Amino acid sequence: MEAEAKLPTKEEVLEALKVVYDPEIPVNIVDLGLVYDVEVHENGVVDITMTLTAIGCPAQDVVKADAEMAVMRLPGVQGVNVEFVWTPPWTPARMTEEGKRMMRMFGFNV
């Protein structure tokens, strides 16, 4: 039971992911609404299900590597699996209010 107490929560994983940005958009992947699900397993492995703003996005490998590095920094994490899915497709409606605010600051109409 002691090992379980040291694992990060889903909220802590999401907070860690806020340092990861799509290189073309000045908003982190959490506030963009790209992260669909996070599961923290008892063995310390974190599964992240996410998408990108467009299929075939050339930044996919960079975003994946950045997400893995960000979550691996959390205490108790033994591994990170990032899975990209395309259903449901991403739309600006998935953005958080903070994400929309940041996009408006950069001149985007959301």
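What counts and how
- All residue numbers here refer to positions counted from 1 along the written sequence of the relevant chain.
- With the structure being a predicted model, the display of local features is reserved for residues of pLDDT at least 70 and the display and counting of side-chain atom pairs for 80 or more, all residues being used for whole-chain, interface and lining totals.
- The side-chain figures draw on all heavy atoms in the structure; neither hydrogens nor water molecules are used.
- The set of buried Ala, Val, Leu, Ile, Met, Phe, Trp, Tyr and Cys residues whose side-chain atoms join them within 4.5 Å is what this entry labels a nonpolar core.
- Relative accessibility under 20% of the residue-type maximum defines a buried residue, over 50% an exposed one, and the middle range a partly exposed one, all with a 1.4 Å probe and only protein chains included.
- Numbering of helices and strands runs from the N terminus, with a helix taken as a DSSP run of H or I at least four residues long and a strand as a DSSP run of E at least two residues long.
- Any two residues whose heavy atoms approach within 4.5 Å are treated as being in contact.
- Working definition: rings of Phe, Tyr and Trp (its six-membered ring) pair if their centres are within 6.5 Å, and the pair is stacked with planes under 30 degrees apart, edge-to-face with planes over 60 apart, and tilted otherwise.
- Pairs of strands are assigned from DSSP output, requiring at least two bridges between the strands.
- Only the stretch in contact is used when fitting a helix axis, every axis being a line fitted to C-alpha atoms; angles between N-to-C directions are given from 0 to 180 degrees.

**Details of the nonpolar core**
In terms of nonpolar packing, the biggest core is built from 33 residues, with Leu17, Ile29, Ile48, Met50 and Val71 touching the most fellow members. At the level of secondary structure, the elements contributing two or more residues to this core comprise helix 2 (10-17), strand 1 (35-40), strand 2 (45-50), helix 3 (60-72), strand 3 (79-84) and helix 4 (97-105). In terms of residue count, the dominant contributor to this core is helix 3 (4 residues). Setting aside residues up to four positions removed in sequence, leucine 17 forms contacts with Ile29, Val30, Val35, Ile48, Ala67 and Val71.

**Thoughts on the environment of leucine 34**
Summarising the element assignment, leucine 34 is placed in the loop between helix 2 and strand 1. Of the residues examined, leucine 34 reaches a relative accessible area of 0% and is grouped as buried. What leucine 34 contacts, discounting residues up to four positions off in sequence, is Ile29, Thr49, Met50, Thr51, Leu52, Thr53 and Trp90.

**A short note on the packing of aromatic side chains**
In this structure the tally under the stated criterion is 1 aromatic pair. Note on phenylalanine 84 and tryptophan 86: the rings are 6.5 Å apart at their centroids and 15° apart in plane angle, and the pair reads as stacked. Exposure remark for tryptophan 86: the relative accessible area of 29% places this residue in the partly exposed category.

**A short note on unusual backbone geometry**
With an omega of 0°, the peptide bond between threonine 87 and proline 88 qualifies as cis. Within the secondary structure layout, proline 88 lies in the loop between strand 3 and helix 4.

**Examining the pairing of strand 1**
A regular strand places its side chains on the two faces of the sheet in alternate fashion. Relative to strand 2, strand 1 is paired through 5 bridges, and the arrangement is antiparallel. Across the sheet, residue valine 35 finds its bridge partner in strand 2, namely methionine 50.

**Quick notes on the sheet that holds strand 1**
Spatially, the 3 strands line up as an open sheet ordered 1-2-3, and their pairing is mixed. Strand pairing shows two members of the sheet lacking a second neighbour, strand 1 and strand 3, which therefore form its edges. Between one strand axis and the next, the sheet turns by 15° as a mean value, whatever way the strands run. Judged from the 6 bridges that link them, strand 2 and strand 3 form a sheet pairing that is parallel. Residue methionine 50 lies in a different strand from strand 3, and its bridge partner there is phenylalanine 84. Its contacts with the sheet place helix 2 against strand 1 and strand 2, and it is angled at close to 130° to strand 1.

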